[in-house]
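Analysis of the macromolecular model
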Amino acid sequence: MLDPRLLRGDIDSVASNLLRRGVRLDSAAYLKLDSRRKSAQKKVDELRNERNTRSKSIGQAKASGADIQPLLDDVSNLGERLQKAKTDLESVQTQLDELHLGLPNILNESVPDGLDETENAEIRRWGEQPVFGFKPNDHVEIGERLGMDFASAAKMSGSRFSLLHGELARVHRALIQLMLDVQTRQHGYRETYVPYLVNAKSLTGTGQLPKFEDDLFQTAGESGLYMIPTAEVPLTNMVAGEILDAGDLPLRFTAHTPCFRSEAGSYGRDTRGMIRQHQFEKVELVQIVKPEQSYEALEELTGHAEVILRLLELPYRVVALCSGDIGFAAAKTYDLEVWLPGQERYREISSCSNCTDFQARRMLARWRNPDTGKPELVHTLNGSGVAAGRALVAVLENHQQEDGSVRLPTSLQPYLGGLTQLSPNA
RNA sequence: GGAGAGGUGGCAGAGCGGUUGAAUGCACUGGUCUUGAAAACCAGCAAGGGGUCAAACCCUUCGAGGGUUCGAAUCCCUCCCUCUCCGCCA
């Protein structure tokens, strides 16, 4: 959510910033609605003031034993007038709230302009794209000989699910272990086990709701809980409604969770293999920081995700998402794109965002600023460190051998009892 | 699932339907005292919105939402959550 004061005070600059995303904000209509809200609010306040004052004097009169009947007659229709004013206010406020919740975050000035992912800006590359003495296969061809089983998954769940057997499942698990160990032991993140089902309020806090409900799976029944699309939701919502001590910041949380996404609107995209699934595993990184430190923290957090790809010896590049591709809650985002020889292109494996105070304002996450003594909004960041399914895909494709086996990076071997490669007949 | 208890400020914990946004304690901040610290004493200390140069001042908030009333932390209803016991269960 954007600062309502910013909207009131400088709506033109907000509108032009949002326009970079392709979002059109009708400034005049907004200001009109806001001024309607203000006058409705004022009306309610006045009536309440009158009621409070009069009620108080009735109390005093009664205490002193005076006749209160005339006073009571005096306030006879106050309640009715107040009720009407409240109804008016509520209807304006509801419209305004809906508008507020539907507006994306303000972009940082460093975000490049662009319409879609083709206009993202490459920041740096790491690693050499492997050169094969044979035609490299994609992860499906490699994986199916190693225990990747889409047929079984389709039988029980349909498309966009996968099932792993044997050593392949073990490698998938090892990747997660490696990621968690690096992030907790080397980068100071606190490992957290979180709920996988969350309420609508939490999803509103991080920005998935109300606008992106179609992307979520919701459970049937009265509770109507949603399955988390990312651990960012539970991890960030830990600080919802809290006032944090300055000394406790920055907070760094990590969690391994499954992620569930309906992938509505992506029909026909990435239908092959386990690139785009309804369910995948991810190790997530979240930081809660003081506002002045958030952009520094974004660089750092991106680096924390990069370490994983380097340990896995996977060539990648870092791109700054352009204005048309960046997510709803983010002010700035770096994607890590890993090289996939099977597709001969870089594919997203991590997305690291500074959400500034956008989520904090929605969930009222604050810290007490010692300089002002007042509670102020924190800044929140999140990033994948990294997606496990895609990491597995990248390992298979980048480290494949001509005989169909796959070399395992040395960093992973301790998690696999010293196993050095995956072989088709094992 | 059944029975009971309870949800109040950063924390603990009072609160006959009427100057209660809320006693008290702890924590915190400032001051006095001290060479310094501690102790003691004095003072301050919830959040959000509006208002103001800044104040004053006004409105809202005692788990959430409804209701009764001139007036609700206090009474009624619904829901949520926590705790204790029983049942069931990984």
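Values in this document were obtained by computation on a predicted structure and should not be read as measured data.

1. A look at the packing of aromatic side chains
Summed over the entire model, instances satisfying the criterion amount to six aromatic pairs. Seen from their ring centres, F212 and F328 are 5.2 Å apart, and the 75° between their planes marks the pair as edge-to-face. Of this pair, F212 sits in the loop between α9 (200–206) and β4 (226–227) while F328 sits in the loop between β8 (316–320) and β9 (332–340), placing them 116 residues apart in sequence. For F328, a relative accessible area of 12% gives the class buried. By way of ring pairs, the aromatic residues F212, F328 and F358 are connected into one cluster.

2. Some words on the sheet that holds strand β2 (residues 190–191)
Here eight strands make up an open sheet; going across it, the order is β1-β8-β9-β10-β13-β7-β6-β2 and the pairing mixed. Of all the strands in the sheet, the pair left with one neighbour each is β1 (121–126) and β2. Here β1 pairs with β8 via five bridges, running antiparallel. Within the sheet, the bridge partner assigned to W126 lies in β8 and is Y316. Those strands touched by helix α11 (residues 294–311) are β1, β6 (251–260), β7 (279–289), β8, β9, β10 (345–354) and β13 (379–387), and its axis lies near 10° from that of β13.

3. A closer look at the side chain of T257
Mapped onto the fold, T257 is located in strand β6. The contacts of T257, once residues within four sequence positions are left out, are V194, Y196, I228, A231, F280, E281 and K282.

4. Structural notes on the domain arrangement of chain A
Domain boundaries in chain A define domain 1 (26–102) and domain 2 (117–422). Relative to domain 2, the C-alpha centre of domain 1 lies at a distance of 48 Å.

5. Brief notes about the side chain of T254
Residue placement: T254 occurs in strand β6. Not counting residues within four places of it along the chain, the set of residues in contact with T254 comprises L180, Q183, T184, Y189, R190, E191, T192, L235, V283, E284 and L285.

6. Quick notes on the pattern of salt bridges
If you walk through the whole model with that rule in mind, you get 22 salt bridges. With a closest N to O distance of 3.9 Å, R81 and E50 form a salt bridge. In this pair, R81 is assigned in helix α5 (residues 78–102) and E50 in helix α3 (residues 27–63), connecting sequence segments 31 residues apart. Residue E50 is classed as partly exposed on the basis of its relative accessible area of 26%. A salt bridge links E167 to R170; its shortest N-O distance comes to 3.4 Å. With E167 and R170 both in helix α8 (residues 166–186) and three residues apart, this pair spans about one turn of that helix. Since its relative accessible area comes to 28%, R170 is described here as partly exposed.

7. Quick notes on the pairing of β9
In terms of residue burial, β9 counts as a mostly covered element, since nine of its nine residues are buried. Burial along β9 is two-sided: K332, Y334, L336, V338 and L340 facing one way and T333, D335, E337 and W339 facing the other are all buried. Across nine bridges, the pairing between β9 and β10 is antiparallel. By the bridge assignment for β10, L336 is matched with S350.

8. A few points about the packing of α3 against α5
Two packed helices can be described by the angle between their axes and the distance between those axes. Running from N to C, α3 and α5 cross one another at 150°; their axes reach a closest spacing of 9 Å. Between α3 and α5, the interaxial angle falls into the category roughly antiparallel. In this structure, the crossing between α3 and α5 has a hand that is left-handed. By residue class, the composition of the contact of α3 with α5 is twelve nonpolar, four polar and ten charged.

Reading guide: rules and limits
- Residues numbered from 1 in each chain as written.
- Chains lettered and ligands numbered in written order.
- Predicted model: local features only at pLDDT ≥ 70, side-chain atom pairs only at ≥ 80, totals over all residues.
- Heavy atoms only, no water.
- Phe/Tyr/Trp six-rings, centres within 6.5 Å; stacked < 30°, edge-to-face > 60°.
- Helix = DSSP H or I, 4+ residues; strand = E, 2+ residues; numbered from the N terminus.
- Buried < 20%, exposed > 50% of the residue type's maximum accessible area, 1.4 Å probe, protein only.
- Pairing = 2+ DSSP bridges.
- Contact = heavy atoms within 4.5 Å.
- Axes fitted to C-alpha atoms, helices over the stretch in contact; angles between N-to-C directions.
- Domains from an automatic or database assignment.
- Salt bridge = Lys/Arg side-chain N within 4 Å of Asp/Glu carboxyl O.
- Parallel < 35°, antiparallel > 145°, perpendicular 65-115°, else oblique.
- Left-handed = near helix turned anticlockwise from the far one by under 90°.
- Nonpolar A, V, L, I, M, F, W, Y, C, P; charged D, E, K, R; others polar.

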